[in-house]
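Each chain is listed here by its residues.
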Amino acid sequence: MQVLIDNYHLYLRGLGTTLRICLYAGLLTLVVGTFIAGCRVAPLTPLRAFGTAWVTVFRNCPLAVVLFFMAFGIPALGVNASYFVFGTIGLALYTSAFVCEAIRSGINAVSPGQAEAARSVGLGFGQTLRLVILPQAVRSIIPPLGSVMIAMIKNSAIAGAFGIGGDLYAVGIRQSSAQGEAIIPVLVGVALGYLIITIPAGLLLSYVERKVAIAR
Amino acid sequence: MSESVLYEAPGPRAKLRARYASAVTGLVLLAAFAWVIYRLARAGEFTYDKWGPLIDPGNENFAPLWTLLGRGLVNTLLAAGWSILFSLVIGTILALTRVTAAAWYRWAVVGVIELLRGTPVVVLIFFAYQALPVVGLDLPVMWSLVIGLTAYNCVIIAEIVRAGIDSLPKGQSEAAYAVGMRRGQVMVSVLLPQAFRAMLPALISQLVVVLKDTSLGFTISYPEFVQRGETAIENLGNPIQLYLFIALIFIVINYTLSKLAVYTERRLSRGRRSAATEEPESAAATGD
């Protein structure tokens, strides 16, 4: 355990980098995922097809392959950026498919009678969605969206395995392979770092879930 | 809720407007796609050098490449198969003993489940890879991957099994107790067989997750599909083409599996309307 105590600042910095990746990727994935969900319920056929294709690709493709693609494919398009940017974008794109499905299933969970009632009092499409459907959908979107975000935090370790560098997982690997520290305490430290984030996040999520739960 | 209840059925003018808007968005999407193709072509990604080994049987690299990738795919399927099998057995044991055993044991199981669920699967795989030799178990590298994946997935399967048992009507176990069965008998011969039936869709969805996660075998140099692809890329120098191919194979396999999950779910729910199965929130829906 000495290795953890001696190098605690490295681990803390790794934890910070992991949190930064998750913050950027989380914001980006919310924007992209909401946009794709919008595409999937849009009345225009090409947009719907685009949304469906997006979700099919990113849901069924391993994150590792998505990240490889970002690392090799984007430079071929003539855009250059650091691994940090590629990794974060790759993680966000992969997660956006799940964000989209969480939002879409939330909209689908609102009973059709709500929309019919809204229309029958003369509300248009935008008003129906904005004033009646979405406020109710938010309650059933939050729990699955929270699970998606927690999964994303754990997946950020895969981005670390790719050499984003400096995140919690990468720090652990460096410690054991380059500096020859005993691997088990190092990995226990890494796992603890993730648990410090994921377990409170899970508890918070189940608290929020109970708060927003409604009998339907 | 189908989207159509959100707005009135469109009249002739609205239909015309929608058609124009569809054409415009379709063109914009096509233009974006064409731009990507153009940039790739300018970067020389459509040359015979890069595609030949993959699509031309006459190419000298064709046979070795396909053999390499084929073996990789077999290794991927093998690791995924063992992982889901072990997860199923261990997960069922966890779920059953959690329902029946003493309080301290239940708490221990909950603790283990929380720990395994909160740790990234790539850390668990690496842990298995590094820790097994330390404790004196020198297994082939596939078992490190299988053990890592099993550790991660068995707790998810345990939750699926528990949800499956909970979804059965109470009358099932009451009737079994009434004819004089003991607790173990009720579980094994009445509840579990029905629970597995109800769980089947969730299990198939979990298989998709496991298949995707086997690609993490590259971190421990297990020769699975993606890792083999990398080896080929080192020699052929065509990353975009090969990753496109690998992605395509994954998408085809996993898409088929998810459709199968939806199909079995529909079949099962048609069969038994009485037991409204509460769908457990599967990891497949969260990108775990």
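What you see is a predicted model; the values in this text were computed from it and never measured. (Residues numbered from 1 in each chain as written. Chains lettered and ligands numbered in written order. Predicted model: local features only at pLDDT ≥ 70, side-chain atom pairs only at ≥ 80, totals over all residues. Heavy atoms only, no water.)

Looking only at helices and strands, one finds nine helices and zero strands in chain A. Of the regular secondary structure in chain A, the N- to C-terminal order runs α-α-α-α-α-α-α-α-α. With the C-alpha coordinates of chain A rotated into their principal frame, the extents come out at 70 × 45 × 20 Å. Looking at chain A residue by residue over its 216 residues, the buried ones come to 51%. Pairs at least 24 residues apart make up 75% of the contacts formed inside chain A by residues separated by at least 6 positions. Summing over all exposed atoms, chain A offers an accessible surface of approximately 9,400 Å²; the carbon and sulfur share of this is 68%. (Helix = DSSP H or I, 4+ residues; strand = E, 2+ residues; numbered from the N terminus. Buried < 20%, exposed > 50% of the residue type's maximum accessible area, 1.4 Å probe, protein only. Contact = heavy atoms within 4.5 Å. Areas by Shrake-Rupley, 256 points an atom, 1.4 Å probe, with all protein chains shown as cover.)

A tally of regular secondary structure across chain B gives 10 helices and zero strands. Listed N to C, the secondary structure of chain B is α-α-α-α-α-α-α-α-α-α in terms of helices and strands. Compactness check: chain B gives a C-alpha radius of gyration of 25 Å against a globular reference of 19 Å for 288 residues, more than 25% above the reference. Viewed in the frame of its principal axes, chain B has a C-alpha envelope of about 75 × 70 × 30 Å. Among the 288 residues that make up chain B, the fraction classed as buried is 43%. Partitioning the intrachain contacts of chain B with sequence separation of at least 6 by distance along the chain shows that 72% fall at a separation of at least 24. Surface exposure of chain B reaches about 15,100 Å², of which carbon and sulfur atoms provide 65%. Charged side chains in chain B number 24 positive and 20 negative. The centres of these two groups are separated by 10 Å. (Rg over C-alpha atoms; globule rule 2.2 N^0.38 Å. Lys, Arg positive; Asp, Glu negative; His and termini not counted. Charge placed at Lys NZ, Arg CZ, Asp CG, Glu CD.)

Residue and element names in this part refer to chain B. Positive phi, close to 60°, is recorded for Ser221, a residue that is not glycine. Along the chain, the position of Ser221 falls in the loop between α8 (183-213) and α9 (225-236). For Ser221, a relative accessible area of 49% gives the class partly exposed.

Look at helix α3 (residues 45-60) of chain A against helix α1 (residues 12-42) of chain B: their axes get within 7 Å of each other, and the N-to-C directions meet at 40°. Of the possible angle classes, the one that applies to α3 of chain A and α1 of chain B is oblique. Of the residues in α1 of chain B, those touching α3 of chain A at Thr45, Pro46, Leu47 and Phe50 of chain A are Ser22, Thr25, Gly26 and Leu29 of chain B. Residues that form the contact of α3 of chain A with α1 of chain B fall into these classes: four nonpolar, four polar and no charged. (Axes fitted to C-alpha atoms, helices over the stretch in contact; angles between N-to-C directions. Parallel < 35°, antiparallel > 145°, perpendicular 65-115°, else oblique. Nonpolar A, V, L, I, M, F, W, Y, C, P; charged D, E, K, R; others polar.)

All names here are of chain A. Per the UniProt entry, the sites bearing "transmembrane region" (unreviewed entry) are residues 21-43, 63-86, 148-170 and 182-208 in this numbering. End C-alpha atoms of residues 21-43 are separated by 35 Å, and the span's content is 91% helix alongside 0% strand. For residues 63-86, helix accounts for 75% and strand for 0%, while the C-alpha atoms at its two ends are 13 Å apart. (UniProt positions renumbered as here; feature names shortened; annotations may be inferred.)

Residues and elements named next belong to chain B. Assignment of secondary structure puts Ser87 in helix α3 (residues 62-100). When its relative accessible area of 0% is taken as the criterion, Ser87 is described as buried. Looking at Ser87, its side chain comes within polar contact range of the main-chain oxygen of Ser83, at 2.5 Å. Among all residues touching Ser87, those that are not within four sequence positions of it are Thr92, Leu149, Thr150, Asn153, Cys154 and Ile157. (Polar contact = N/O pair within 3.5 Å; in protein donor to acceptor, adjacent residues only side chain to side chain.)

All names here are of chain B. Two numbers describe how α3 lies on helix α6 (residues 141-166): the axes approach to 6 Å, and their chain directions differ by 45°. Regarding the angle of α3 to α6, the classification is oblique. Along this stretch, α3 crosses α6, giving a crossing that reads as right-handed. Across the contact of α3 with α6, the residue classes tally to 21 nonpolar, six polar and three charged. (Left-handed = near helix turned anticlockwise from the far one by under 90°.)

With respect to the helices and strands, Val138 of chain A occurs in helix α7 (residues 125-161). Separated by 42 residues in the primary sequence, Val138 of chain A and Ser96 of chain A place their C-alpha atoms 17 Å from one another.

Quick look at the pattern of salt bridges now. Scanning the model with the defined rule gives five salt bridges over all chains in all. Across the pair Arg59 of chain A and Glu101 of chain A runs a salt bridge whose closest N-O atoms are separated by 4.0 Å. Of this pair, Arg59 of chain A sits in helix α3 while Glu101 of chain A sits in helix α5 (residues 83-109), and the two are 42 residues apart along the sequence. Overall, Arg59 of chain A belongs to the partly exposed group, its relative accessible area being 28%. Ionic pairing is found between Arg162 of chain B and Asp166 of chain B, a salt bridge with its closest N-O pair at 3.2 Å. Placement of the pair is Arg162 of chain B and Asp166 of chain B together in helix α6, with a separation of four residues, close to one helical turn. In this structure, a network of salt bridges that share partners links the residues Arg40, Arg59, Glu101 and Arg104 of chain A. (Salt bridge = Lys/Arg side-chain N within 4 Å of Asp/Glu carboxyl O.)

This part covers the UniProt feature "domain: ABC transmembrane type-1" (unreviewed entry) in chain B. Taken from the UniProt record, the annotation "domain: ABC transmembrane type-1" (unreviewed entry) applies to residues 73-261 of chain B. The span residues 73-261 of chain B carries 84% helix and 0% strand; its end-to-end C-alpha distance comes to 22 Å.

Here we come to helix α4 (residues 103-118) of chain B. Helix length check: α4 of chain B, at 16 residues, gives a terminal C-alpha distance of 23 Å against a target of 22 Å (1.5 Å per residue), a fit within 8%. Against α7 and α9 (183-212) of chain A together with α3, α5 (121-134) and α6 of chain B lie the buried residues of α4 of chain B. (Expected span 1.5 Å × (residues − 1).)

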